[in-house]
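Spelled out, the chains give:
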Amino acid sequence: MRERDFGHTEIRVSEIGVGLWSLATDWWAPNVNAEEILKKAYELGINFYDTGDIYGEGKAEELLVKVLGNKRDNIVILTKIGYDFYNKKGRKIEQNFNIDYLEFAIKESLKRLNTDYVDILMLHNPKMNVIRNKEIFDFMQGLKKDGIVRAIGVALGPTLGWGEEGLEAIKMGYEGLEHIYNMIEQYPGKEFLKYRIGNVVRVPHASDALIEDKWPIGENKNLHRSLKNIKWIEEAVNNSKGMLEFAKSKGMKLSQLAIKFVLANPNVSTVVPNITTIKELEEFVKTEELEDLTEEDMSFISSYYEKYYKKLNDESIEETKIYK
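Everything numeric here is computed off the predicted structure, so don't read it as measured data.

Basis of the calculations
- Residues numbered from 1 in each chain as written.
- Predicted model: local features only at pLDDT ≥ 70, side-chain atom pairs only at ≥ 80, totals over all residues.
- Heavy atoms only, no water.
- Helix = DSSP H or I, 4+ residues; strand = E, 2+ residues; numbered from the N terminus.
- Rg over C-alpha atoms; globule rule 2.2 N^0.38 Å.
- Buried < 20%, exposed > 50% of the residue type's maximum accessible area, 1.4 Å probe, protein only.
- Contact = heavy atoms within 4.5 Å.
- Areas by Shrake-Rupley, 256 points an atom, 1.4 Å probe, with all protein chains shown as cover.
- Lys, Arg positive; Asp, Glu negative; His and termini not counted.
- Charge placed at Lys NZ, Arg CZ, Asp CG, Glu CD.
- Pairing = 2+ DSSP bridges.
- Axes fitted to C-alpha atoms, helices over the stretch in contact; angles between N-to-C directions.
- Right-handed = clockwise from strand over helix to strand, strands pointing away.

A. The arrangement of the overall build of the protein in detail. Secondary structure summary: the protein contains 13 helices and 12 strands in total. On C-alpha atoms alone, the protein measures out to a radius of gyration of 19 Å, which is about the 20 Å that the 2.2 N^0.38 rule sets for 324 residues. Referenced to the eigenvectors of the C-alpha coordinate spread, the extents of the protein come out at roughly 55 × 40 × 40 Å. Looking at the protein as a whole, 58% of its 324 residues qualify as buried. Considering only residue pairs separated by 6 or more positions, the protein has 73% of its internal contacts joining residues 24 or more positions apart. Accessible area for the protein stands at about 14400 Å²; split by element, carbon and sulfur atoms hold 47% of it. Placing the 45 positive and 53 negative side-chain charges of the protein at their respective mean positions leaves the two points 2 Å apart.

Next up, the structure:
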C-alpha cells in the first residue's frame, strides 16, 4: 500500500483508508463483519483509520482499539468531536463546540481509544462561526502543543457544498480537511485540492452511484444514502453508463476508476470509501495495482463531467443549503 504525506505534517497515511462509520453503524449495510474487515485492512497495508466519537456513540472508537489496539504505533487515527451525545434531548443529538465540552470530549475519546494521543483531531461538521472562532482554534492548537494531537483539522458536512467553510478553515490554519470529492461531485472539493493540506476524501463513489455492482440502486430509508434524493441517484447511475464503458476499456471496474480518479490529484492524502464487506475492501485495495490515469484519461473524464455530471454536481451543492 502506497503512502502519502498528510499535508505539511510529518504524518504518512495509506492512499486508501478505512472509515469506521460504515463498520460501527447500520447506515450502510446490515450485519457488517467489522472486526474481520479491520483485521484484513491492516494485513493489506492500510494504516489510516477514520473515526469519530459520534459513530455508534463511542462504539467505533472502541471497535478500533479492540481490533488494532496492539498496533497503535503502526496506525494513524483520525477522530472527530463536536456532537454531544452524552446529553441527548430526547433522541436528538446537538452539536456543542464550547471549549469545556471539547476538552471533555477529547479526553473521553482518548479513554475509549486507550491511547494518550490522537494523530489527527477534527471538528465535526462545524458551521462558519465555529471555524472562524479563534478561541476554538487556539484550543485545538493547544492540544497539539501538549502532545495530545499531532494535527488538527475540520470535517466538512454533513453533505456536499461547504466551499466557503472549507476555504475559511484553510485560511485559519487548520492542517487538514475531510470532504467529498468524486467524478460526479467535483466541486467544491477541487478548490480545496489546490492546497497542500491533509485532504481526506470521502464518498468517492457518489452515494454508490459509481459502484456498478450495486446497480440498480433502490430506495432504502435505513441506509445513509437515503439522505440523497433517489431521483438524483437514479440519474447519476444512468449518466454513468458511458463512464462504465470507459472504465472497462482501461481494464478496471467503475468503482476502481472512481478511486483512481480521486488519487490522481497529488494533493489528496487519502481516500476513504465506504466498506462493508471483505470483497469490497479487496476490490478497492486492488486499485493500487492498476495503471494510474494518464493526462488523456483525465481530459476525457473532465469532458464527460461537463456533459453528464455538472448538473448533478450543481444540484448537490444546492441541496446543501438545507443543512446550513
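B. Structural view of the sheet that holds strand E4 (residues 48-50). Pairing is parallel in the open sheet, where eight strands are placed in the order E3-E4-E5-E8-E9-E10-E11-E12. Looking at strand neighbours, the two that pair on one side only are strand E3 (18-19) and strand E12 (268-272), the edges of this open sheet. Two elements, strand E11 (residues 198-202) and E12, share four bridges in a ladder whose sense is parallel. Counterpart to Val200 in the pairing with E12 is Thr270. Lying over the sheet, helix H4 (residues 99-113) contacts strand E5 (76-81) and strand E8 (118-124), oriented at roughly 145° with respect to E5.

C. View of unusual backbone geometry. Residue Pro188 is bonded to the preceding Tyr187 through a cis peptide linkage, with omega at 5°. Considering the arrangement of structural elements, one finds Pro188 in the loop between strand E10 (176-180) and helix H8 (189-192). With an omega dihedral of -15°, the bond running from Trp215 to Pro216 counts as a cis peptide bond. Backbone geometry places Ala206, a non-glycine residue, at a positive phi of 50°. Mapped onto the secondary structure, Ala206 falls in the loop between E11 and helix H9 (230-239). On the accessibility criterion, Ala206 (0% relative accessible area) is buried.

D. Region of the structure containing the pairing of strand E9 (residues 149-155). With six of its seven residues buried, E9 lies for the most part within the structure. Where E8 meets E9, six bridges bridge the pair, whose relative direction is parallel. Its bridge partner lying in E9, Ile120 is registered against Ala151. Taken together, the three bridges between E9 and E10 define a ladder with parallel strand orientation. Bridging across to E10, Val154 finds its partner in Leu177. On the question of chirality, the crossover connecting E9 to the parallel E10 by way of helix H7 (residues 163-172) is right-handed.

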